[in-house]
Structure formats: C-alpha cells, structure tokens
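Examination of the molecular architecture
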Amino acid sequence: MASQCTGIYVIEVSAFNGMDAVMRLSNMARRAKLEYRNISASFDGRVVRLRIEAAGEEKEVHWLAAKMERMPEVYAVAAKRLS
C-alpha cells in the first residue's frame, strides 16, 4: 500500500463572475475529502481571489485543484503544502 502524504495545504484560485464563482468553487470544494481550516475571498474589481486552507491527503488537494482549474470562470489555480 502506498504511503499517503497528509498535511496542511493552501489552494489559491483567481476567477471572474463575483459571488457566483465563489459559490461554484465552494460547492466544488465540498466534494473533496478535506478538513477545511480557513476559507477567504477577496474581490479586486472583476477578479475574485479565493484562498482555501485545508488539511488532508495530497491526492485530494490535487484532485480539487484539477477540478477547479477546469471550471470556465477560473483564471488560475495554485496549490502548495504549508506543513
């Protein structure tokens, strides 16, 4: 059995479409098997920046980042491990 790399991760997303994008992204995040520690959204003109801090397995973080990256309103997704 492969070892599972658990830790605390941050996913940062840039998107357009305001609150609609925030709701769609948060609904997608609900599908991942992660424990959410902090979620924040900021608006800069027409761009929404969503920052998600979560604990869990690395494969779940990458799964969520890949799903979010395919959403039509998303400009960019970055996922990194904090600890």
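Here we summarise the structure given alongside this text. Computed from a predicted structure; not experimentally measured.

**Describing the sheet that holds strand 4 (residues 74-81)**
Judged by pairing direction, the sheet is antiparallel, and its four strands sit side by side in the order 2-3-1-4 without closing on themselves. Pairing within the sheet leaves two strands with one partner each, and these edge strands are strand 2 (35-44) and strand 4. On average, adjacent strands in this sheet sit at an angle of 15° to one another, irrespective of strand direction. Of the strand pairs in this sheet, strand 2 and strand 3 (residues 47-57) are connected by nine bridges, and their pairing is antiparallel. Bridge pairing links F43 to V48 in strand 3.

**Some thoughts on the nonpolar core**
Judged by nonpolar contacts, the single largest core of 20 residues is most densely connected at I11, V13, L25, L64, M68, V74 and V77. Elements supplying a minimum of two residues to this core: strand 1 (6-16), helix 1 (18-29), strand 3, helix 2 (58-69) and strand 4.

**Considerations on the packing of aromatic side chains**
As enumerated under the stated definition, the model contains one aromatic pair in all. Relative to Y75, the ring of F16 lies with its centre 5.5 Å away and its plane at 45°, an arrangement referred to as tilted. In this pair, F16 is assigned in strand 1 and Y75 in strand 4, connecting sequence segments 59 residues apart.

**Description of unusual backbone geometry**
Even without being a glycine, N17 presents a positive backbone phi close to 95°. By relative accessible area, which is 41% here, N17 ends up partly exposed.

**Concerning a nonpolar patch on the surface**
A surface patch of nonpolar side chains, about 320 Å² in accessible area, is lined by M19, M23 and F43. Relative to the helices and strands, M19 is located in helix 1.

**Focus on the packing of helix 1 against helix 2**
One can describe the packing of helix 1 onto helix 2 by two numbers: an axis separation of 10 Å at closest approach and a directional angle of 150°. Judged by the inter-axis angle, helix 1 sits roughly antiparallel to helix 2. Crossing of helix 1 against helix 2: the hand is right-handed. Along the contact surface, helix 1 presents L25, M28 and A29, while helix 2 presents L64, K67 and M68. By residue class, the composition of the contact of helix 1 with helix 2 is five nonpolar, no polar and one charged.

Calculation notes
- Residues numbered from 1 in each chain as written.
- Predicted model: local features only at pLDDT ≥ 70, side-chain atom pairs only at ≥ 80, totals over all residues.
- Heavy atoms only, no water.
- Pairing = 2+ DSSP bridges.
- Helix = DSSP H or I, 4+ residues; strand = E, 2+ residues; numbered from the N terminus.
- Axes fitted to C-alpha atoms, helices over the stretch in contact; angles between N-to-C directions.
- Core = buried A, V, L, I, M, F, W, Y, C linked by side-chain atoms within 4.5 Å.
- Buried < 20%, exposed > 50% of the residue type's maximum accessible area, 1.4 Å probe, protein only.
- Phe/Tyr/Trp six-rings, centres within 6.5 Å; stacked < 30°, edge-to-face > 60°.
- Patch = residues over 30% accessible without salt bridge, like charges linked within 9 Å, V, L, I, M, F, W, Y side chains within 5 Å.
- Areas by Shrake-Rupley, 256 points an atom, 1.4 Å probe, with all protein chains shown as cover.
- Salt bridge = Lys/Arg side-chain N within 4 Å of Asp/Glu carboxyl O.
- Parallel < 35°, antiparallel > 145°, perpendicular 65-115°, else oblique.
- Left-handed = near helix turned anticlockwise from the far one by under 90°.
- Contact = heavy atoms within 4.5 Å.
- Nonpolar A, V, L, I, M, F, W, Y, C, P; charged D, E, K, R; others polar.

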